[in-house]
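Close look at the chain arrangement
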Amino acid sequence: MNVFKLFSIVFTFACFYKTYSQTGPGGVGTNNGSSNLIIWYRPDNGISTSGNSVDGWENSAGISDFDISETGAQRPTLVTNALNGYDEVSFNGSNRLRTGLTLTTSNFITNQASSFIVTRADNTTQQSSVYTTDPLVGSTRFSCHIPWNGTVYYDIGTCCSTDARIQVGGLSNLTSYSIWAYDAHPTTGKQLYRDQSLLQSRANTSTYSSHATQRFNLGANTSGSNGFSGDATELVIFKEKVNTAQRIIINNYLSAKYNTSLTSEDYYNEDNPGNGNFDHHVAGIGQASDGSNHTDSQGTGIVRMSNPSDLDNDEYLFWGEETLNPTYNFSTNSSDYTEQLNSIWRVSRRGDIGTVTLSFDISTIDLTGFNGCSPLQLVIDNNYDFSSPNEVYDLAVSGTTATATGVSFNSNHYFTLRYTDQIVWDGSNFHNGSGTGNAPGDTDSCLKLTIKSDADAYLTFDAHVREIEIENGATLIVEDGILLETENAININTNGMIDLNGEAQLIQNHTGTSSNSGDGFLLQRQQGTTNLYNYNYWSAPVNRNGFWQIGYLEDNNGVMNFTSALNANPSTSPITISNQWLYSFNGTANNYYQWNQLSTTSNILPATGYTMKGSGAATSIQGYVFRGTPNSGNYTYNISANTEFLTGNPYPSAIDAYQFIFDNLFVIDGGLHFWESFTTNNSHYLKDYQGGYSTLTLLLSLPATADASGLTSGNGSSSKPAPTRYIPPGQGFFIKTFLGGTLEFNNAQRSFERESLNETVFYRQQNNTSKQEEKPDQRPKIWFAFETPNQLIKTIGLGYDERTTYGYDQGFEAKLYDDFNNITYWHLQDGKKLMIQGLPELNQKDILQLGMDISNSGTYKLSISNTENIPDDLPIFLVDYAENKYYNLKTGGVPLYLSKGSEQNRFAIVFQDEALLDLNKIEAKNNFISYKPDTEILQFHSEEPIENIESFSIYNIVGQEALKINAPSNRFINLSNFNDGVYFLQVSLKSKNKTGRIKFVKH
């Protein structure tokens, strides 16, 4: 067996040996006027009627001059479904059809011809012509007489001469249908065949001489006499003699079509009832015993075969179709769930002709369901149901032709077209997937996944499909850690379910709004805190009728109970949750009183976050189940300026926070903020809440406030690592707006990342190992920890990204979000307080000012908690301008005694020590400055004469030159245009080529 793997369709040009495919009878000759086939009247094409009277009959040979017609009482009668489902034209002896064309040697026959007619007479005593040239002019004619006083004869040329006529008498059953074939050629003489048996062969022939008055006549009512009384179904005339192989092929075609047995060389045997009656559109290729051959056929159907690779004498391949008048479309084959064409062909093989080129004319096929990403295929089988194909060939499609080469057939093979549109679980097996056991794999994005009714399917490997259909009562169980990805919609029918176990996730890739449907459900599990006093921050990954209600939430025992008591009750089954702590937030920033209390029946839109306190269970985490229609597609919210919104990941998969921030870069003022409570919380009173926000930006992320004493003892509070780039399903978080706008979630933000691999961090309390970066990030980053006297650790971050500036960069930087006391932050010149600062490059000359807001006097400690991509030899100093001290933070944390108040200009982070910062320091001991706040005048005091000073320059704390005075005439500098802050006066001397900087504070 040679079954080809599935590949996408290759659109290419199929090459053949003939200019035209052989579309004549049985595939002999062409129907476009380019071959020797000049007349072909067939009952399945081109008959026009008025009532049951035949008005005309088109010439299927493609020469319209030989269309025949009649009017009035001479019209014959059409009898429908007379012979094997085909019509017949009935003549009564006085009617006919004839051409309007007069016959000449250029348009008609001369001294040779082949003709085939399927006919029967009403009686054997009539003197009639089935067809003839009419009127008879002199004695020249081309005619067929069945019968003429009990005999059958053909004329070509001069009437009645022995050269022109072949005649056989004593024949029986002339009132039954027979296939009559007649050959004439000057060299081989004349032959008459009945049902492929040779009745007579005579030497010699004569030339038919056309006359301008003659027309071709079917029914042969010649001058009012000799009309045919009987029925005819098909007439074929070639103006040259066909070869032996072609005659055999045409006769087998006619025999199958009209259920008329051949008495000789009946090579196509799939037309009998025992073989399925594949009677229609029969065609063949082959080579006769005399060496004549025919190697390219299509016939009346859509199948063409050519190019036999090993054709010898007396070898043939025939094929026929089961359907008389097919309207081609595809439907699902219930044995293998491929989409199969609604008609089938069968072959008869005589000898072994080798392989062939096979093509289909697909112009008449309804390919509505065929999307082209899985190949159109030729499938060959021993069985009619195609349950176990012998061969499958991918077809190359060019225009309206689909071709396979090197195709091999055995006798009695069935074949048809198919394509794969779906992967199906039938209750026992998967079909058509690329994964193990034909299950869906991660390369099946072209295919629909269908789980049949009342069947349970398990997905144990990642799968990527086009769409998903869960039929009534069926369940698809996606095992822990597995990704189910689909390009389009999901339909979960009544009592159907997709069950995402553990960290299984679902991603949908379509754009626009969701078209998920059905009365069934998706189940996704997530874990929350068990501390009675701590909040879960949720965002439901599913909906019901477009909304979510907290009352839908389940544990593993069913829909949860709710109580108005302050505390939850974990001892019930399902557990009981307090409904006193259900809130959402979408209001003015920093206004605690704009929390909105929810009930268990409040309708919550996707991507709206809400709070719910813990279950009180003895375990460290509490399992919850979200059951509903999976959220997918675009969700947007119009957010006002200076607003905080508790939002969340609305999908049953992780989302990429970076992409979310980029998509909302001009809406979000800063980063994303995740609340984490201390595990030691034991009160519902707001004043007793302990916790903090972790923060994530495009540059880096910060952990929430941590309890240093707890970390040391192993019983720490808020020991959660910083958020990762990916936000897990169900996670709620805060954003804050600046100017406001439209906040957007979309499927392009979705990503498959798992908590167990530290790719996401869900903000409940549990033990997590340190995060490992999913992808290398080469950007330099430094984290600074600020430990308070009561041993709380608060972290700020510094990072470098070429997309940032020395100003405030939305998305990359984050403003101070926690409003707690005793904090440090980056203090920008415009007064902004940042938790995360970004700069375009690591510049050792930068001076980065720190601010500190201190509520409780005491000893604090500043240290480096972590670095990434920072050179080992880069010094990092804390500068205390009040004490004029430099502390090397690379050697350890620095204890600082700080008094209550706000320190905006005292501290900075620098990357050079004092000597390097001051360059060539001016040595004179009397070089100093003074500043008078009332006049805002800075004075430089020095023993140097004023004429020796080359310039005064003033720099801000980030090293930008704010003022330069060349060749000053005095030692006074007006600072009235300067904001308060830390500055440096740089003095350059002419004669000594020295420069010095003196730091001062304007306030």
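Remember, it's a predicted structure, so these values are computed and weren't measured experimentally.

Residue placement: Asn 822 occurs in the loop between strand S67 (814–815) and strand S68 (823–827). A residue is classified by how much of its surface remains accessible, and Asn 822, at 8% relative accessible area, is buried. A distance of 2.7 Å separates the side chain of Asn 822 from the backbone nitrogen of Ser 855, its partner in a polar contact. Only 2.9 Å separates the side chain of Asn 822 from the side chain of Tyr 860, close enough to count as a polar contact. Those residues in contact with Asn 822 that lie beyond four places of it in its chain are Phe 786, Thr 788, Lys 794, Asp 853, Ile 854, Ser 855, Asn 856 and Tyr 860.

Once that is clear, we can look at the environment of His 211. The residue His 211 is located in the loop between strand S16 (197–202) and strand S17 (215–218) in this model. Judged by its relative accessible area of 28%, His 211 is partly exposed. Once the C-alpha coordinates of His 211 and Thr 102 are considered, the two residues, 109 residues apart in sequence, prove to be 7.5 Å apart. Those residues within four positions of His 211 in sequence are excluded, and the remaining contacts are Leu 103, Val 137 and Thr 140.

Further remarks concern the sheet that holds strand S64 (residues 750–751). One open sheet accounts for 3 strands, arranged S61-S56-S64; its pairing is antiparallel. Strands at the two margins of the open sheet, each flanked by one partner only, are strand S61 (726–727) and S64. Sheet topology places strand S56 (residues 654–656) next to S61; 2 bridges connect them, and they run antiparallel. Bridge pairing in S61 links Ile 655 to Ile 727.

Attention shifts here to the side chain of Ser 677. Along the chain, the position of Ser 677 falls in strand S57 (residues 672–677). Taking relative accessible area as the criterion, Ser 677 reaches 11% and is therefore assigned buried.

As a further point, take the state of the cysteines. This model, assessed by the stated rule, comprises 1 disulfide. Here Cys 373 connects covalently by a disulfide to Cys 446, the sulfurs 2.1 Å from one another. Taken together, the residues span a long stretch of sequence, with Cys 373 in the loop between strand S27 (356–361) and strand S28 (377–381) and Cys 446 in strand S35 (residues 444–451) at a distance of 73 residues. On the basis of relative accessibility, which here comes to 23%, the residue Cys 373 falls in the partly exposed class.

The linkage connecting Asp 134 with the following residue, Pro 135, adopts the cis geometry, with an omega of 0°. Here Pro 135 lies in the loop between strand S10 (131–134) and strand S11 (140–148). Phi angles above zero are rare outside glycine, and His 281 is one such case at about 55°. Along the polypeptide, His 281 turns up in strand S19 (residues 280–287). Positive phi, normally seen in glycine, also occurs at Gln 791, with a value near 65°. Residue placement: Gln 791 occurs in the loop between strand S65 (781–787) and strand S66 (792–800).

A separate point is the packing of aromatic side chains. Enumeration according to the criterion identifies 54 aromatic pairs in this entry. Consider the rings of Tyr 637 and Phe 645, whose centres lie 5.5 Å apart with planes at 55°: the pair is tilted. The pair Tyr 637 / Phe 645 is uniform in exposure class, with both members buried. Residue placement shows Lys 613 over the ring face of Tyr 535; its charged tip is 4.9 Å from the ring centre. Lying across the ring of Phe 738, Lys 815 places its NZ or CZ 5.3 Å from the centre.

Cut-off values and rules
- Residues numbered from 1 in each chain as written.
- Predicted model: local features only at pLDDT ≥ 70, side-chain atom pairs only at ≥ 80, totals over all residues.
- Heavy atoms only, no water.
- Helix = DSSP H or I, 4+ residues; strand = E, 2+ residues; numbered from the N terminus.
- Buried < 20%, exposed > 50% of the residue type's maximum accessible area, 1.4 Å probe, protein only.
- Polar contact = N/O pair within 3.5 Å; in protein donor to acceptor, adjacent residues only side chain to side chain.
- Contact = heavy atoms within 4.5 Å.
- Pairing = 2+ DSSP bridges.
- Disulfide = S-S within 2.5 Å.
- Phe/Tyr/Trp six-rings, centres within 6.5 Å; stacked < 30°, edge-to-face > 60°.
- Lys NZ or Arg CZ within 6 Å of the ring centre and 35° of its normal.

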